[in-house]
Amino acid sequence: MSFAGWTLAQLWPLFAAGAGAITLLYLLRMRRRRVVVPFAALWERVTRESESRRLWRKLRRLLSWLLQLLVLALVCLSLGDPRPEVWLRDPVSLAVVIDTSASMAGPAPDEPGVTRLDLGRRRAEQALRSLGPADRAVVIEASEQVGVLAPLSGDPSSLVAGLSGVTPRFGEADLPRALALASHAVSERPGPRVLVVTDGALDPAATAALVDCTQGSIPCEVARVGGPSDNVAITAFAARRYPYARDKIEVLTEVRNLGDTPAKVVLEIEADDAPVGTRTLRLEPGQSTREVLGQLDAARSRFEARLAREDGGTQPFGLPHDDVAYAVVPPLTPLDVVLVTDGTNLFLEAALLTLDDHVRLTGISPQDARQGRRPELAEADVVFYDVGADTLPDTLPRAHVVIFDPWRHEASPCPVDKKADVRRPFLTEQDKGHPVLDHVVLKDVNIARGTTFDIVPGDEILVRSLGDPIAVMREGEHATVVFGFDPRQSDLPMRPAFPMMVDNLIRTFEQREAGFVASVPVGAHRELTLADLGLSPEGVTRVRVQGPQGPAGTLPVERGRFRLRALTPGFYAIAAVDGPLAGSSVELAVNQANLHASDLHDRIDDQIQALDLPPATEAAATTDATGPTSLVQGPLWTLVMLVVAGLIALEWVSYHRRVTV
Amino acid sequence: MGWANRLLTRREAKPSASDEALFDEAFLARLELLQVVARRLFRGRQRAERKTRKVGSGLEFADHREYSPGDDIRYLDWTVWMRLHHALIRLFEEDEDLPIRIVIDVSDSMRTEGGAKLRYAMQVGAALAYVGLANLDRVGITCASGRHHTTLPAVRGKGRIFRVFEFLRSADRGGPTDIRAMCSRVAAQSRQPGLTVVLSDFYDLEGAFEGLNMLRFRKHEPVAVQVLDPVEADPTRLGLRGDVQLVDVEGGDARDVTLSARAVAAYTQAHQRFCAQLESSCRSRGIFLAQALIDVPFDDMVLRLFRQGGILR
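Only a predicted model underlies this, so the values are computations on that prediction, with no experimental measurement involved.

K.L.:
Would you mind going over the sheet that holds strand β25 (residues 460-465) of chain A with me for this structure?
P.N.:
Residue and element names in this part refer to chain A. Spatial strand order, β19-β18-β20-β21-β27-β26-β25-β23: eight strands in an open sheet with mixed pairing. Edge positions in the sheet fall to β19 (359-364) and β23 (429-430), since each has one partner strand and no second. Pairing analysis gives two bridges linking β23 to β25, with the strands arranged antiparallel. When the sheet's bridge partners are listed, E429 is paired in β25 with R464. Against the sheet, helix α8 (residues 346-353) touches β18 (335-341), β19 and β20 (382-386), its axis set at about 170° to β18.

K.L.:
I would appreciate a short explanation of unusual backbone geometry in the present structure.
P.N.:
When glycine is set aside, most residues are seen to have a negative phi, and most peptide bonds are trans. The phi angle at A:D273 is positive, at roughly 65°, despite the residue not being glycine. Despite not being glycine, B:K219 has its phi angle at roughly 70°, a positive value. Summarising the element assignment, B:K219 is placed in the loop between α8 (207-217) and β8 (221-228).

K.L.:
Could you clarify how one ought to interpret the pairing of strand β4 (residues 93-99) of chain A in this entry?
P.N.:
In regular strands, side chains alternate between the two faces of the sheet. Residue and element names in this part refer to chain A. The element β4 is extensively covered by neighbouring structure, given that seven of its seven residues are classed as buried. Looking at chain direction, β4 and strand β9 (residues 192-198) are connected through six bridges and run parallel. From the neighbouring strand, I98 faces β9, where its bridge partner is V197.

K.L.:
Even after reading the chapter, I still don't get the packing of helix α6 (residues 175-186) of chain A against helix α7 (residues 204-214) of chain A, so can you show me in this structure?
P.N.:
The description of two packed helices rests on the angle between their axes and on the distance between the axes. Residue and element names in this part refer to chain A. At a minimum axis separation of 8 Å, α6 and α7 run at an interaxial angle of 25°. With respect to α7, the element α6 is oriented roughly parallel. Across the interface between the two elements, L175, P176 and L179 of α6 pack against A205, A206, A209, L210 and C213 of α7. A class-by-class count of the residues in the contact of α6 with α7 yields eight nonpolar, no polar and no charged.

K.L.:
Where do I start with the sheet that holds strand β7 (residues 195-200) of chain B in this structure?
P.N.:
Sheet strands pair by backbone hydrogen bonding; their relative direction is either parallel or antiparallel. Residues and elements named next belong to chain B. Spatial strand order, β6-β5-β4-β7-β8-β11: six strands in an open sheet with mixed pairing. Single-partner strands in this sheet number two, and they are β6 (149-155) and β11 (288-293). On average, adjacent strands in this sheet sit at an angle of 15° to one another, irrespective of strand direction. With five bridges joining them, strand β5 (residues 139-144) and β6 adopt antiparallel strand pairing. Paired with I141 across the strands is L152, a residue of β6. Helix α7 (residues 179-189) rests against β4 (100-105), β5, β6 and β7 of the sheet, and its axis sits at about 155° to β4. Against the sheet, α8 makes contact with β7 and β8, and its axis sits at roughly 160° relative to β8, the strand it touches most.

K.L.:
Where do I start with the interface of chain A and chain B in this structure?
P.N.:
One frequent convention defines the size of an interface as the accessible area lost when the parts assemble. Tallying the contact residues gives 21 residues for chain A and 28 residues for chain B. For the side of chain A that touches chain B, the secondary-structure elements that each account for two or more residues are β2 (33-37) and α2 (40-47) of chain A. When residues in the side of chain A that touches chain B are grouped by element, the largest group, eight residues, is from α2(A). Across the side of chain A that touches chain B, the residue classes break down as 11 nonpolar, two polar and eight charged.

Criteria and thresholds
Residues numbered from 1 in each chain as written. Chains lettered and ligands numbered in written order. Predicted model: local features only at pLDDT ≥ 70, side-chain atom pairs only at ≥ 80, totals over all residues. Pairing = 2+ DSSP bridges. Helix = DSSP H or I, 4+ residues; strand = E, 2+ residues; numbered from the N terminus. Contact = placed C-beta atoms within 7 Å. Axes fitted to C-alpha atoms, helices over the stretch in contact; angles between N-to-C directions. Buried ≥ 20, exposed ≤ 12 C-beta atoms within 10 Å, placed from the backbone. Parallel < 35°, antiparallel > 145°, perpendicular 65-115°, else oblique. Nonpolar A, V, L, I, M, F, W, Y, C, P; charged D, E, K, R; others polar.

Structure (structure tokens):
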């Protein structure tokens with residue numbers, strides 16, 4: 001205990017003078033009031049009866065005098081501003097960064113039902129309650145997003161209150177941003193210090209940031225809260241339609257044993273809340289397995305994979321949130337295909353008509369296409385230009401375009417430039433690996449005339465004629481496929497390769513468009529396309545997103561795309577707010593499926609000097625013993641003055657009650 | 001050291017301006033009314049009809065006694081001599097008016113609270129004197145204490161009331177209460193015993209009753225009027241509390257006491273016991289004792305004395 005105010009050398013004379021004054025006043029008070037009575041003898045007879053109480057009365061007066069001296073002593077003590085030694089040290093600005101990543105939901109050692117986050121919270125509370133009155137602290141949460149749980153304050157109770165509501169998140173801790181925020185918060189303040197409370201199950205970026213922090217200019221301490229690292233997680237879960245049988249769905253599930261002991265789990269898969277498959281898996285430490293469940297009915301759209309114990313127990317495998325995964329298969333929507341033709345190529349029409357299951361075909365004459373009188377062109381997903389001797393329109397629509405013999409006339413809107421006209425070209429080489437030419441054989445095709453193309457980097461050459469490109473695919477926002485010959489001037493339409501090539505083209509465009517976003521991971525912002533989710537983007541400027549928890553929110557949509565940051569695993573409903581299809585909605589699956597987030601092993605390098613966490617029972621005892629007594633944190637002299645006020649009130653009451661008179 | 005002595009010694013009391021107004025015109029009017037009421041009370045009685053027990057030359061036979069040489073043989077009972085040859089002298093009751101002596105205690109204990117008790121006692125004494133003078137009785141007044149003793153010799157006639165007033169105004173006052181000495185001196189000065197009314201607070205533990213008893217022993221007919229201030233009898237009205245130094249108004253050592261509610265209540269009870277004891281002692285000797293509270297009008301008090309105390313017979 002030291003005095004921050006007046007020193008003892010100053011206080012003693014003050015107390016001595018005050019005590020003398022009080023004693024003098026007390027003695028003066030002892031001079032009694034003279035009361036003249038006519039018959040003192042009678043008074044004497046009466047008062048003689050209370051002689052036996054005289055000693056007690058003297059004692060009471062003595063107590064009153066001592067009470068006054070005690071009040072004076074306490075006032076002098078408050079002038080000295082007594083403070084514990086720990087309060088007189090230099091002030092500290094502490095930034096507590098608490099890891100709330102998914103791994104913090106893991107179990108704590110030796111304490112059933114207690115998570116690592118509970119231990120971390122105790123450790124943080126311990127640090128906050130040990131602050132002195134001049135110290136300040138801020139509490140920062142580090143999960144997939146960074147937030148301030150309690151702003152910079154010197155009140156431990158408010159800091160602890162901000163800490164009490166923290167819960168484990170579902171993603172990885174974004175420690176780089178959290179540590180940057182912590183350093184920025186305390187760097188300009190006296191005695192900056194950073195305390196990181198984590199279980200050490202961090203991804204490489206977070207570990208690197210932590211190492212940088214511990215080696216930085218601001219003292220950085222790491223408090224580890226470890227625990228058992230056994231965990232079995234679903235690290236991948238996806239569902240898709242079969243490419244060639246779109247009425248069937250297959251489901252892929254990857255399960256990994258991230259612990260140090262063998263595990264036996266039961267993988268259960270449900271579709272639209274109905275069980276569709278169960279597998280029992282035995283996994284060695286570090287082993288992963290992929291299970292494919294195929295030939296499922298395409299009418300089902302919501303899939304859920306769940307890990308269960310073989311004995312039917314409800315205890316999760318390590319983390320509870322990675323024992324379940326979700327997937328959604330968007331509904332199948334037909335492509336809008338427009339065929340611009342003069343009607344003389346019945347083979348092409350026939351080839352497109354055979355794809356009636358997933359193609360909505362519209363035929364337009366070249367004249368209508370040139371004059372832009374048909375709105376179907378603007379809404380089409382794929383446009384085939386097979387105009388023969390007619391001319392192409394000046395501009396091409398914003399869609400995937402397939403053009404046959406684009407350079408028959410000199411003026412052409414074709415983005416692929418002409419190289420040379422060729423008489424009786426031979427198709428000498430073809431890219432057999434390209435999906436457009438899958439199972440297509442163009443050998444010995446007879447062509448009357450054609451045109452080769454001048455390609456640019458990025459163009460994909462589908463077919464060559466003696467080395468020169470005669471069929472090219474140019475990628476972009478929309479793909480453009482040009483064939484340098486007219487099918488009417490060849491025998492290709494009479495070959496099996498022609499309808500197969502048309503089918504390949506449609507399938508290629510279809511796969512580019514939609515239907516393969518089965519799930520997204522929690523955490524970072526992700527750009528999603530409405531079309532990928534099976535929702536028509538036309539006219540949609542905002543979508544309403546309803547997650548598994550919390551209220552719905554709206555997000556802006558730009559060119560059919562929006563950015564979503566999902567923080568909770570589960571099914572999300574995405575609904576169009578405006579546009580022609582306003583109110584229509586699709587579902588999106590969000591999974592934790594993150595290998596780093598599910599790995600409960602401590603991966604902090606040994607070079608970090610971490611603090612030793614006291615045993616959980618001791619930490620709890622310390623917290624209970626301290627208690628949320630905010631007054632203790634204030635200057636002691638206020639307490640002393642409160643005691644003085646209480647003593648004065650006591651003396652006042654006793655005086656007026658004639659107890660100490 | 002003269003100045004010190006003047007400071008330390010109690011200042012001698014002199015009649016104040018308020019004493020000048022003690023017997024004003026209003027007081028005289030009330031005395032007249034009182035006298036009329038008193039006359040109605042004792043209607044039919046003769047003036048100076050009081051008789052002493054003295055045996056002398058009266059007309060009414062009282063007793064016989066043995067003849068002794070030198071007796072007037074005119075009072076020899078010849079009838080007895082003739083029958084019994086025994087010389088007896090006939091005695092007769094002598095008619096003589098009975099004097100009224102009013103003794104007022106002027107000690108310091110009567111002068112507390114501005115001398116209210118003393119003024120009240122003087123008013124009562126003056127009223128008694130006026131009624132007595134109006135009845136042609138001889139009325140004498142004594143103002144006495146342990147220090148002073150001033151006597152107005154017995155006077156007769158209604159017109160002497162102003163002399164009584166003047167005597168009361170100018171009488172010395174102060175000093176300790178000494179009932180026994182006061183009564184002894186009154187008894188010694190009185191050549192003829194009579195009705196003696198003592199107006200005092202009787203704050204004299206030992207001498208109060210003894211003084212009255214001495215008057216009785218000297219053939220006086222003592223009547224005691226205890227003048228009381230209600231506040232003195234019950235100090236709880238004053239709200240006395242705490243540490244005080246009690247000083248007797250008549251001198252003596254100061255006493256430090258702590259007055260609690262219990263102590264004040266005990267004093268009230270002790271005062272009541274003192275009064276009750278005084279009354280009991282007087283009653284056992286046939287001495288009439290009346291309590292005169294100063295908040296009661298003096299004429300009412302005088303009438304009550306007439307009715308209950310037998311001052312006039």
